[in-house]
Each structure stands twice: as C-alpha cells, then as structure tokens.
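Coordinates in review
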Amino acid sequence: MTFRTLDDVKVAGQRVLVRADLNVPVHDGKIGDLTRLERLMPTIIELADQGAKVIICSHFDRPKGKIVPSMSLRPIAAAIAEISGRHVGFAEDCIGEVAKDAVAALQNGDILVLENTRFHAGEETNDPHMAQEFAALCDIYVNDAFSAAHRAHASTEGVAHLRPSYAGRLMQAELAALDAALGSPARPVMAIVAGSKVSTKLDLLGNLIGKVDVLVIGGAMANTFLAANGADVGKSLQEADLHQTARDISAAAAARHCEILLPVDLIASAVFAAHPPTEIVAATNVPAGMMALDVGPATTAALIERLGKIKTLVWNGPLGAFETKPFDTATNGLAAAVAAATQAGQLVSVAGGGDTVSALRAAGVAGQLTYVSSAGGAFLEWMEGKTLPGVAALQSA
Ligand code: ADP
Ligand code: MG
C-alpha cells in the first residue's frame with residue numbers, strides 16, 4: 001500500500017485544505033472527549049510551522065444539508081485554539097465568498113477552520129460543484145480523516161481528485177497500523193472477533209478467514225457458533241437463523257487453514273443484571289433458563305497462553321457483556337495480557353470498533369496496545385477488505 005504523505009510535498013506559502021474529523025462528542029455544549037482533536041495536532045502544527053496557510057474542514061453531526069446552528073463548528077475551532085496554543089480563525093461557511101475571503105486574508109502559518117461541510121447537501125452527494133468549490137480554496141489537499149474515508153463525499157473524495165492530495169500524519173499512522181495488522185503482518189496472526197451478533201460481522205469474518213492463522217470467536221456471537229455445533233445455549237443471546245451460516249464460515253475457514261477457536265467454558269446467569277449469582281458452565285451445556293454473558297476462566301487462560309505464540313493480533317468486539325459487571329472479566333484479563341505482550345515487544349496489537357474501544361479504555365490499557373483505532377465504521381470496512389474511497393484517492397500509482 002503506497003500513498004503520498006506530507007514527506008512528499010513542500011507546503012511553505014501554499015494554501016492547504018486539511019480534511020479533519022472534528023465530529024467530537026458534545027454534551028450540553030461541552031466537548032466530552034478531546035482525543036480526536038489532540039490526534040489532529042501533529043498535522044496542523046507541522047503545516048503551520050512550515051509556513052502553510054492551514055484551512056481545516058470537517059463534517060459535524062447530521063445537519064442533512066441545512067444550516068443547524070447547534071451543529072456549528074465554531075466551538076470546536078475554539079477548542080483547537082486552546083489545545084494548539086495558536087490563534088485559530090473561523091469562517092461561517094465552508095465554500096463560497098465567505099470562505100474565499102477568509103482564505104484570502106490568511107498569512108503563512110495561519111490556521112482557519114471552515115464551517116460544517118454538511119450544511120451543504122452537495123457534501124454528502126459528492127456534488128462535483130461542491131468539490132470544485134473546495135478546490136478553489138486550496139493549492140494542496142491533505143486528508144487526515146481516516147474515520148470519514150469510507151464515505152465518498154465532496155470533502156473526502158471529490159476534492160482529492162482536483163488537487164495534489166496527501167495523507168496527513170494521523171491518516172498515515174492509521175494506514176501504517178492497519179497495514180502492519182493485515183497488509184503485511186508478522187505471523188502467526190490471530191484475530192479476535194466478538195460482540196453481540198454474527199449478522200453484523202459476516203463480511204468481517206469472510207475477509208479474516210483468508211488472512212489470519214487463528215480466528216477467536218467470543219461474545220454472544222460465539223453462542224451462535226456453539227449452538228450450530230449442537231451445544232445447548234439455554235436462553236443466551238444467539239441467532240438461530242444463522243446456524244447454517246456459522247457452519248459455512250467454519251468450513252470455509254478450515255479450507256483456508258484458518259483455525260477457529262470457540263470458548264470451552266462460559267459464565268452463565270439466570271438474569272442479565274450487575275453482580276447476579278453466576279455459574280461457570282461447559283460451553284456445550286448452558287443450563288435451561290440461564291444465559292452466557294462472558295467466556296469462562298479456562299477459555300481466557302487458553303487464549304492468553306496461545307497469545308504467547310502470536311506475533312500480530314487484530315481485535316474487534318468484547319468477549320462478554322462488558323458494560324455489566326462482572327461480565328467484563330474475560331475482556332479485562334485478555335486485554336491486560338495483550339497490553340503486557342505488546343509492551344514487551346512480543347506482539348503487534350491493533351484494535352478497533354466503538355464498543356471495543358470503550359471496553360479497552362475501561363480495562364485501562366487502550367494506550368498500551370500498538371494501535372487503537374477510533375475510526376469506527378471506517379476501521380470495520382477496512383477490516384472487511386473494502387476499498388475506502390477517501391484512501392483510494394490518496395494512493396500513488
Ligand atoms: P464493536 O462496537 O466494538 O464493533 P459490537 O457492537 O459488535 O462491538 O459488540 C459489543 C456488544 O456485544 C456489547 O454491547 C456487549 O455487551 C455485547 N456482548 C458481548 N458478549 C455478549 C453476551 N455474551 N451476551 C450479550 N451481549 C454480549
Ligand atoms: Mg458496537
């Protein structure tokens with residue numbers, strides 16, 4: 001995978017349009033998590049320090065082509081100013097005269113944030129006119145929004161074809177981590193796919209069985225595989241209509257020399273509540289009236305032992321219903337082992353997915369893996385082997 005980066009371009013005196021992901025969580029007017037903004041800083045600071053005129057654009061929430069004042073990027077621009085310690089200007093429109101005038105007033109090294117790209121319907125329809133408008137604002141385009149790269153929108157894809165385009169430092173780091181995980185990984189490679197439903201992860205499983213050596217299935221998804229093999233799963237969450245699909249996936253994996261590991265024991269409870277009475281049961285025998293809410297201690301121990309022989313780990317999905325204690329036990333135990341092996345230099349570990357990131361944060365190890373992707377849908381589509389239009393537009397021949 002080759003793509004152009006900031007190493008390939010001189011930006012001094014140039015107008016550089018940076019597509020960022022400023023879609024941070026905001027509650028009651030306060031930004032909940034600054035991670036996305038902090039991760040953007042290396043690109044912004046590097047460009048500004050090299051004398052570029054830095055113009056940042058992004059979507060924010062879902063205004064659906066209309067101006068929605070509560071979805072303005074103005075407060076986010078203020079947060080960027082605070083984090084960077086630089087003056088950051090703001091333009092009340094991302095295209096047209098307002099944007100052009102604001103860009104024309106920039107000096108080398110200045111930073112400007114444009115208003116929400118989704119205030120115009122042409123953003124999401126990838127309207128060529130909208131892409132032209134973005135191109136008119138810049139000499140160079142930099143995409144630093146991997147998390148928005150699975151969408152072919154005017155600011156993520158259309159404009160990239162109209163100007164010399166490059167990956168920003170965050171995009172570069174994300175692509176490098178993904179390449180280390182599945183592109184050209186050190187072997188053997190283990191993937192953990194867990195979470196609630198097989199049905200949402202069919203494409204993921206289909207792609208991974210052709211790429212990894214060991215595929216661990218956990219979470220409620222494992223119940224579907226276990227039941228498909230004839231196990232009693234009691235009243236566990238499972239998808240009875242996917243038993244044949246689960247058997248087909250297992251057969252396809254065997255044909256491609258991908259070993260599938262299912263839980264050997266489970267933690268079961270009669271009720272789904274915090275700290276209920278629980279039982280450790282064999283994975284083949286969840287008693288009637290009980291449900292499996294986590295994988296058991298023998299399974300966790302076996303996975304940790306197996307991890308000792310693994311060079312690369314890809315992880316999507318918590319092993320249990322981690323939001324409700326103590327069903328975070330297996331996820332926390334495995335997460336600690338993954339963090340330790342990574343810190344010891346024995347393992348490349350890449351994880352992603354909305355709930356997976358929450359679970360790893362709750363386990364306190366998110367910073368100790370090789371890479372934890374905050375890209376959500378884009379991360380999953382990449383793991384499914386799909387081409388991301390925003391990344392394809394940056395690829396050099
Ligand atoms: P991600 O968002 O990381 O892709 P998923 O959305 O696929 O992950 O799965 C996460 C959800 O799976 C969590 O809400 C978790 O509670 C649920 N889950 C995991 N194991 C079980 C289980 N045994 N029973 C019920 N829910 C489970
Ligand atoms: Mg989820």
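Whatever comes next refers back to the structure up there.
No experiment lies behind these values; they were computed from the predicted model shown. (Residues numbered from 1 in each chain as written. Chains lettered and ligands numbered in written order. Predicted model: local features only at pLDDT ≥ 70, side-chain atom pairs only at ≥ 80, totals over all residues. Heavy atoms only, no water.)

**Some thoughts on the sheet that holds strand β7 (residues 140–143)**
In plain terms, the rule: Here the rule is simple: two strands pair whenever DSSP picks up at least two bridges between them. Numbering goes from the N terminus for both helices and strands, where a helix is a DSSP run of H or I of at least four residues and a strand is a run of E of at least two. The convention used is that axes are lines fitted to C-alpha atoms, helices contributing only their stretch in contact, and that angles between N-to-C directions extend from 0 to 180 degrees.
Strand order in the open sheet formed by 6 strands is β5-β6-β4-β1-β7-β8, with parallel pairing between adjacent strands. Here the strands that pair on one side only, and so sit at the sheet edges, are β5 (88–91) and β8 (165–167). On average, adjacent strands in this sheet sit at an angle of 25° to one another, irrespective of strand direction. Where β5 and strand β6 (residues 111–114) come together, 4 bridges link them in parallel fashion. Of the residues in β6, the one forming a bridge with G89 is L112.

**As for the nonpolar core**
Short version of the rule: Residue types Ala, Val, Leu, Ile, Met, Phe, Trp, Tyr and Cys, when buried and joined through side-chain atoms within 4.5 Å, form a set referred to as a nonpolar core. Accessibility here uses a 1.4 Å probe with only protein chains present; expressed as a share of the type maximum, an area under 20% marks a residue as buried, one over 50% as exposed, and anything in between as partly exposed. For this analysis, residues touch if any pair of their heavy atoms sits within 4.5 Å.
Among the nonpolar cores identified, the biggest contains 41 residues, and F146, M171, L205, L208, V212, L215 and M383 are the most heavily contacted of them. Looking at which element gives the most residues to this core, the answer is helix α7 (residues 169–183), with 6 residues. Those residues in contact with L205, other than ones at most four positions away along the chain, are V193, V198, L215, I217, M221, F225 and I249.

**So, the sheet that holds strand β12 (residues 265–269)**
Judged by pairing direction, the sheet is antiparallel, and its 3 strands sit side by side in the order β13-β12-β14 without closing on themselves. Two strands bound the open sheet, and with one partner strand each, they are β13 (278–282) and β14 (291–295). When the angles between neighbouring strand axes are averaged without regard to direction, this sheet yields 40°. Note: β12 against β14, 4 bridges, orientation antiparallel. When the sheet's bridge partners are listed, S269 is paired in β14 with M291.

**Side note on the site of ligand 1**
Spelled out, the test is: A cutoff of 4 Å decides nearness: a residue is near a molecule or strand if any of its heavy atoms lies inside that distance of it. Throughout, the Shrake-Rupley method with a 1.4 Å probe supplies accessible areas, and for residues the shown protein chains are the sole cover considered. Residues are sorted three ways: Asp, Glu, Lys and Arg are charged, Ala, Val, Leu, Ile, Met, Phe, Trp, Tyr, Cys and Pro are nonpolar, and all the rest, Gly among them, are polar.
Around ligand 1 there are 17 residues in total, and K201, N316, E323, D355 and T356 lie nearest to it. Coverage of ligand 1 by the protein amounts to 86% of the 580 Å² it exposes when considered alone. Those elements giving two or more residues to the shell around ligand 1 turn out to be α9 (219–228), β14 and α13 (354–363). With 3 residues, the top contributor of residues to the shell around ligand 1 is α13. Taken together, the residues of the shell around ligand 1 sort by class into 6 nonpolar, 8 polar and 3 charged.

**Describing the pairing of strand β16 (residues 348–352)**
We count it as follows: With strands facing away from the observer, any crossover in which the path from the first strand over the helix to the second runs clockwise is taken as right-handed.
β16 sits mainly inside the fold: 4 of its 5 residues count as buried. Of the strand pairs in this sheet, strand β15 (residues 312–316) and β16 are connected by 4 bridges, and their pairing is parallel. From the neighbouring strand, V314 faces β16, where its bridge partner is V350. The handedness of the β15 to β16 crossover, carried by helix α12 (residues 329–343), is right-handed. Direction of pairing for β16 relative to strand β17 (residues 371–373): parallel, over a ladder of 3 bridges. By the bridge assignment, A351 is partnered in β17 with V372.

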